[in-house]
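Commentary on secondary and tertiary structure
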Amino acid sequence: MIANQIRQIAENENISVFGISAASKMADELPGHRPTDLLPGAQSMICFGIPVPHNIYDMPIYELETTWRSQNLFYRRLDTLSIRFASILEESGAGAIPIYGCMPLGINKMGVVVGYLNQIRMGEVTGIGTIGKNGLLIHSRYGSRLMLGGLLTTAILPEMRYPEIVEPGCPPNCQICADACPVNAIMADKKQVDIMCCLRYTARTPAMSMIKFAILRAFNPQVAARFMSLRTFDEHTFHICSKCVALCPYGNAKSR
Ligand code: SF4
Ligand code: SF4
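Residues numbered from 1 in each chain as written. Chains lettered and ligands numbered in written order. Predicted model: local features only at pLDDT ≥ 70, side-chain atom pairs only at ≥ 80, totals over all residues.

Topic: the site of ligand 2
Taken together, 13 residues are adjacent to ligand 2, and Gly 132, Cys 170, Cys 174, Cys 177 and Cys 248 come closest. Classifying every residue of the shell around ligand 2 gives eight nonpolar, four polar and one charged. (Near = placed C-beta within 6 Å. Nonpolar A, V, L, I, M, F, W, Y, C, P; charged D, E, K, R; others polar.)

Set out below in structure tokens:
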């Protein structure tokens, strides 16, 4: 069975978490960001992830630089697997497209920078984690450190996941992430982040003119999104803050 073949490759590639679910579970996303908007006839989605090692976030110096490099390497690894799995499905006669982890990005109707398909929700509906108060996918072993890859396919695949655990979610009395956020971007009660507020504070994009981006975003969001993808992502964006990931007690070896 093709689903088992893909799962086996994921296991052989040391992918830490893996899940398959029906694409219809994300049919309530905003228009333009629903599975069938991206792949007409989409039936199933696959999501998988690997964690950035916690010790990187704990480095007394150079932790931001090392996180930046680690994430860039992992995005390439995950995106490469996404396109590999999509090709395997296409070879089998199904339609399939990769859902990449960081870029390219779009700008939705509210002017917010978003992925084409919300990977955090993909992670939740495929059962590989749950959305935490910091708005990220959290996992009881890996905290918020999971980086994700995924794909959509027209093949009807059986639901499956590994590891097979039920995630408890954030403890009711914890809001370490929200308290630590230097710009109050985390709305813990809604499990949401004001992503533009976060990015304005944390993202350093020396190759991109912010004035040009703001003008393009106001008049032509699609061109603005392309401009941003070309000028900022992969190695071209440096984040000065990752407190909401680094301080989450879940997945921190010191807190186990
Ligand atoms: S990365 Fe920093 S600024 Fe952005 S939400 Fe997390 S703690 Fe707040
Ligand atoms: S720091 Fe606490 S509230 Fe925030 S994501 Fe982690 S467990 Fe949830």
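Considering the site of ligand 1
Of all residues adjacent to ligand 1, which total 14 residues, the nearest are Cys 181, Cys 198, Cys 241, Lys 243 and Cys 244. Contributions of two or more residues to the shell around ligand 1 are made by helix H7 (195-202) and helix H10 (243-246). By residue number, the principal contributor to the shell around ligand 1 is H7, which donates three residues. Residues that form the shell around ligand 1 fall into these classes: eleven nonpolar, two polar and one charged. (Helix = DSSP H or I, 4+ residues; strand = E, 2+ residues; numbered from the N terminus.)

Comments concerning the nonpolar core
Grouped together as the largest cluster of nonpolar side chains are 53 residues, with contacts concentrated most on Ile 46, Cys 47, Phe 85, Met 147, Leu 151, Leu 152 and Cys 244. Looking at this core element by element, the count peaks at six residues for helix H4 (residues 63-91). Excluding its chain neighbours within four sequence positions, the residues that come into contact with Leu 151 are Ile 46, Ser 82, Phe 85, Ala 86, Ala 96, Ile 97, Pro 98 and Ile 99. (Core = buried A, V, L, I, M, F, W, Y, C linked by C-beta atoms within 7 Å. Buried ≥ 20, exposed ≤ 12 C-beta atoms within 10 Å, placed from the backbone. Contact = placed C-beta atoms within 7 Å.)

Description of the sheet that holds strand E1 (residues 17-22)
Pairing is antiparallel in the open sheet, where five strands are placed in the order E3-E8-E2-E1-E9. A single partner strand is all that each edge strand has here, and the edge strands are strand E3 (96-99) and strand E9 (160-162). When strand polarity is set aside, the average angle formed by the axes of neighbouring strands in this sheet is 15 degrees. As paired elements, E1 and E9 share three bridges and run antiparallel to each other. Its bridge partner lying in E9, Ile 20 is registered against Met 160. (Pairing = 2+ DSSP bridges. Axes fitted to C-alpha atoms, helices over the stretch in contact; angles between N-to-C directions.)

A word on the pairing of E3
Because side chains alternate across E3, one face comprises the buried residues Ala 96 and Pro 98, and the other comprises Ile 97 and Ile 99, equally buried. Of the pairings in the sheet, the one linking E3 to strand E8 (residues 146-153) comprises four bridges and is antiparallel in character. Pairing of Pro 98 across the sheet is with Leu 151, part of E8.

Brief notes about the pairing of E8
Burial within E8 is extensive, with eight of its eight residues counted as buried. Here E8 shows no split at all, with Leu 146, Leu 148, Gly 150 and Leu 152 on one side and Met 147, Gly 149, Leu 151 and Thr 153 on the other all buried. Pairing of strand E2 (residues 44-51) with E8 involves eight bridges; the strand directions are antiparallel. Bridge pairing in E8 links Gly 49 to Leu 148.

Observations concerning helix H9 (residues 221-231)
Listing the buried residues of H9 in full gives Ala 224, Ala 225 and Met 228. The buried side chains of H9 occupy one side of the element, clustering within an arc of 100 degrees when seen end-on. Turned more than 90 degrees off the buried face of H9, the exposed positions are Gln 222 and Val 223. Considering only its buried residues, H9 is in contact with strand E4 (105-107) and helix H8 (210-219). (Arc of directions from axis to C-beta.)

As for the environment of Ala 10
With respect to the element layout, Ala 10 can be found in helix H1 (residues 2-12). Given 19 C-beta atoms within a 10 Å radius, Ala 10 is considered partly exposed. Separated by 30 residues in the primary sequence, Ala 10 and Pro 40 place their C-alpha atoms 26 Å from one another. Discounting chain neighbours no more than four positions away, the residues touching Ala 10 are Ile 15, Phe 18 and Phe 48.

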